[in-house]
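Per-entry structural report
Residues per chain are reported as follows:
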Amino acid sequence: ATAKEKPLGLPSGTTDFKPALEAAAELFEKGTNKLEELKVDEMQPILIFMFDGENHDGDCTKEMKKLHTDNPDLQCHMIFFGRDSGAGTLQAMAQVLPDEQGHFHLSATGIELKETFEEIATQAGHTG
């Protein structure tokens, strides 16, 4: 089968990042508590944050820094898909983390998005 590149994107609307980051923080906290309860020593938290437009609730770098402070081993993958103008916001959010922990991915097509997920899975140690 031959894969065809098709531009990605969804109908326009407004999106606020801060509620999603707050929900992620709560889930990481619950996950950490559960791991402690199960006596699991090592598990690397990964945040995959996907977006295709503009953020409407301002700068979120402070929230990203707090997320990292609360979860120092956190790997963040900020994926911008489509061809809109909001990629800079996700780049800035990824850049507030140490280089090896904050990653920005631009995936303008479905093929690029698939490749991005394969790259993330490989980095996380999962290849199948």
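Right above here is the structure, for reference.
Cut-offs applied
- Residues numbered from 1 in each chain as written.
- Predicted model: local features only at pLDDT ≥ 70, side-chain atom pairs only at ≥ 80, totals over all residues.
- Heavy atoms only, no water.
- Pairing = 2+ DSSP bridges.
- Helix = DSSP H or I, 4+ residues; strand = E, 2+ residues; numbered from the N terminus.
- Axes fitted to C-alpha atoms, helices over the stretch in contact; angles between N-to-C directions.
- Phe/Tyr/Trp six-rings, centres within 6.5 Å; stacked < 30°, edge-to-face > 60°.
- Buried < 20%, exposed > 50% of the residue type's maximum accessible area, 1.4 Å probe, protein only.
- Core = buried A, V, L, I, M, F, W, Y, C linked by side-chain atoms within 4.5 Å.
- Contact = heavy atoms within 4.5 Å.
- 1 Å grid on protein atoms, 1.4 Å probe; cavity = no way out; pocket = protein on both sides within 12 Å on 5 of 7 lines; lining within 4 Å.
- Points joined across faces, edges and corners; volume = space filled by probe spheres on them.
- Nonpolar A, V, L, I, M, F, W, Y, C, P; charged D, E, K, R; others polar.
- Salt bridge = Lys/Arg side-chain N within 4 Å of Asp/Glu carboxyl O.

Here's the deal with the sheet that holds strand 2 (residues 75–81)
Read across the open sheet, the three strands follow the order 1-2-3; overall the sheet is parallel. Of all the strands in the sheet, just strand 1 (46–51) and strand 3 (102–107) have a single pairing partner and so form its edges. This sheet shows a mean twist of 15° between the axes of neighbouring strands, independent of strand direction.

Re the packing of aromatic side chains
Within this structure, the stated rule accounts for two aromatic pairs. Look at Phe17 and Phe49: their rings are 4.9 Å apart centre to centre, the planes differ by 70°, and that puts the pair in the edge-to-face class. Linking Phe17 in helix 1 (residues 17–37) with Phe49 in strand 1, this pair joins segments that are 32 residues apart in sequence. Residue class for Phe17 comes out buried when judged on its relative accessible area of 1%. Measuring from ring centre to ring centre gives 4.6 Å for Phe17 and Phe51, while their planes differ by 90°; the resulting arrangement is edge-to-face. Here the residue Phe17 occupies a position in helix 1, and Phe51 occupies one in strand 1, the gap between them amounting to 34 residues. This pair shows no difference in class: Phe17 is buried, exactly as Phe51 is. Through pairs of rings, three or more aromatic residues link up here, namely Phe17, Phe49 and Phe51.

With respect to the nonpolar core
Counting 19 residues, the largest nonpolar core has Leu21, Leu47, Phe49, Met64, Met78, Leu90 and Met93 as its most contacted members. At the level of secondary structure, the elements contributing two or more residues to this core comprise helix 1, strand 1, helix 2 (61–70), strand 2 and helix 3 (87–95). Setting aside chain neighbours within four positions, we find Phe49 in contact with Phe17, Ala20, Leu21, His77, Met78, Ile79, Leu90 and Met93.

Brief notes about the layout of surface pockets
By volume, the largest pocket amounts to about 380 Å³. Forming the walls of the largest pocket are 15 residues, and the residues nearest its centre are Thr32, Leu35, Met43, Gln44 and Pro45. Grouping the constituent residues of the lining of the largest pocket by class yields seven nonpolar, four polar and four charged.

A look at the pattern of salt bridges
Side-chain pairing between opposite charges can occur once the charged atoms of the two side chains come close. A full pass over the atoms with the stated rule returns three salt bridges. Here Glu63 makes a salt bridge to Lys18, at a shortest N to O gap of 3.9 Å. Here Lys18 lies in helix 1 and Glu63 lies in helix 2, a separation of 45 residues in the sequence. Taking the shortest distance from any N to any O, the salt bridge between Lys66 and Asp70 comes out at 2.7 Å. With Lys66 and Asp70 both in helix 2 and four residues apart, this pair spans about one turn of that helix.

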